[in-house]
Amino acid sequence: MLESTVAAIRPLDEAAMAAARELQGRLTKPAGSLGALEPLSVRLAGLAGTCPPPLPEPAAVAIFAGDHGVHAQGVTPWPQEVTAQMIANFVAGGAVVNAFARQAGASVTVVDVGVATPLPVEPTADPAGPRLVAANVRAGTRDLTVTAALTRDEARAAVETGIRIAGELVDARAGILLTGDMGIGNTTPAAALIAAFTGVDPAAATGRGTGVDDETYARKVGVVRAALDRHAPDPADPLGVLAAVGGLEHAALAGLVLGAAARRVPVLLDGVIAVSAALAAAAFAPDAVGAMVAGHRSAEPGATAALRHLGLDPLIDLGLRLGEGTGALLALPVVTGAVRVLHEVATFDSAGVAEK
């Protein structure tokens, strides 16, 4: 599945992008007056292969959840059981992501791809509420400071889970996919992934996650540096990088991005977990970047390094660091607005407005 998905990813359609640029130039507004929305609409036309591109709706959030063996190194004060408890909160509709999803009219799918503790809720396919999918590859990763976090087969299984979920959501008529994540300790492997793929120093890739103190932060940077020294992951081997220092939710999110790109559907990236996974997706298939939209700039410093490496500019910057898909949901109306302009704004000719 992974190889066929990567093979299906193609460059953006140049003719559709040229048509979108030409249309933007004829709309009743000064050229360039919509700033970043204009190149975004052009890129989405190139992804869809038509101008104007389809409106990015309905929206579907996919939250992948997993636990991490590196939790044993004291990189976060939060107990690992919170991952499973938050899944129950998502399913009950009580998390911030649920509130923002209701506001945006987006569906929420929660995927257990690697939670270590028993879930307090059962899988559900309730169309009226959040859906919980059981797809556990293993009960959390291994400690990446001691050994590889995953085997290559486990990393592949997680990536292919993300590809499968992307296909299911697109088949259910989703017009845009939004990334979500849950996993206590998951900013540590995210930092390791970002450092591995971009080459930045671990200190520049590592943030304070849930707001750790100075002592814990220093320990966290040391853990990331030790893991990279131990495994020396090769960025030309993205599956190997995910296996060495990644998490199951990171691998699944990389698969979601690849699956969306193969189906020519945009994927709106959330925070540092999502962009670390997007680096892996881009290493598998560079043209997958064409399907990526950076929802926001996470407060985690590694997110900025990752976005710079991908060549993506975030749509909003609110100092968010929650994850779950919250930043992507807040950015969703911006993406929809960029496309709606091409559908609904009159041209100078049709409106009888004189050009300069």
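Our structure is the block above this text.
Quick look at the structure, then. (Residues numbered from 1 in each chain as written. Predicted model: local features only at pLDDT ≥ 70, side-chain atom pairs only at ≥ 80, totals over all residues. Heavy atoms only, no water.)

## Concerning the side chain of His68
Tracing the chain through its elements places His68 in the loop between strand 1 (59–66) and helix 4 (82–92). Beyond its immediate stretch of four places on either side in the chain, His68 contacts Gln80, Thr141, Gly183, Ile184, Gly185, Asn186, Pro189, Gly247, Glu249 and His250. (Helix = DSSP H or I, 4+ residues; strand = E, 2+ residues; numbered from the N terminus. Contact = heavy atoms within 4.5 Å.)

## With respect to the packing of aromatic side chains
This model, assessed by the stated rule, comprises zero aromatic pairs. Here the basic side chain of Arg208 rests over the ring of Tyr217, its NZ or CZ set 4.8 Å away from the ring centre. (Phe/Tyr/Trp six-rings, centres within 6.5 Å; stacked < 30°, edge-to-face > 60°. Lys NZ or Arg CZ within 6 Å of the ring centre and 35° of its normal.)

## Re helix 12 (residues 272–284)
Counting along an α-helix, one turn takes 3.6 residues, and residues three or four places apart therefore face a common direction. An ideal rise of 1.5 Å per residue puts 18 Å on 13 residues; helix 12 measures up with 19 Å between its terminal C-alpha atoms. Counting buried residues in helix 12 gives 12 out of 13 residues, a clear majority hidden from the surface. Residues of helix 12 that are buried: Val272, Ile273, Ala274, Val275, Ser276, Ala277, Ala278, Leu279, Ala280, Ala281, Ala282 and Phe284. (Expected span 1.5 Å × (residues − 1). Buried < 20%, exposed > 50% of the residue type's maximum accessible area, 1.4 Å probe, protein only.)

## Observations regarding the nonpolar core
Formed by 80 residues in total, the largest nonpolar core has its most connected members in Phe64, Leu177, Leu256, Leu258 and Met292. Core analysis: the next-biggest nonpolar cluster, separate from the first, contains 34 residues, Ala84, Ala101, Ile316 and Val339 among them. (Core = buried A, V, L, I, M, F, W, Y, C linked by side-chain atoms within 4.5 Å.)

## Topic: the environment of Phe284
Tracing the backbone shows Phe284 in helix 12. Between the C-alpha atom of Phe284 and that of Thr141, which follows or precedes it by 143 residues, the distance is 22 Å. Ignoring any residue separated from it by four or fewer positions in sequence, one finds Phe284 in contact with Leu2, Val6, Pro238, Leu239, Leu242 and Leu258.

## As for the pattern of salt bridges
One pass over the structure, following the stated rule, counts 16 salt bridges. Salt-bridge contacts for Asp201 lead to Arg225; the nearest nitrogen and oxygen are separated by 3.1 Å. One end of the pair, Asp201, is in the loop between helix 7 (187–198) and helix 8 (202–205); the other, Arg225, is in helix 9 (residues 214–231), and 24 residues separate them in sequence. The class of Asp201 is partly exposed, set by a relative accessible area of 38%. Classification of Arg225 as partly exposed rests on a relative accessible area of 34%. The salt bridge involving Arg208 is made with Asp214; its shortest N-O contact spans 2.8 Å. What makes Arg208 partly exposed here is its relative accessible area of 35%. (Salt bridge = Lys/Arg side-chain N within 4 Å of Asp/Glu carboxyl O.)

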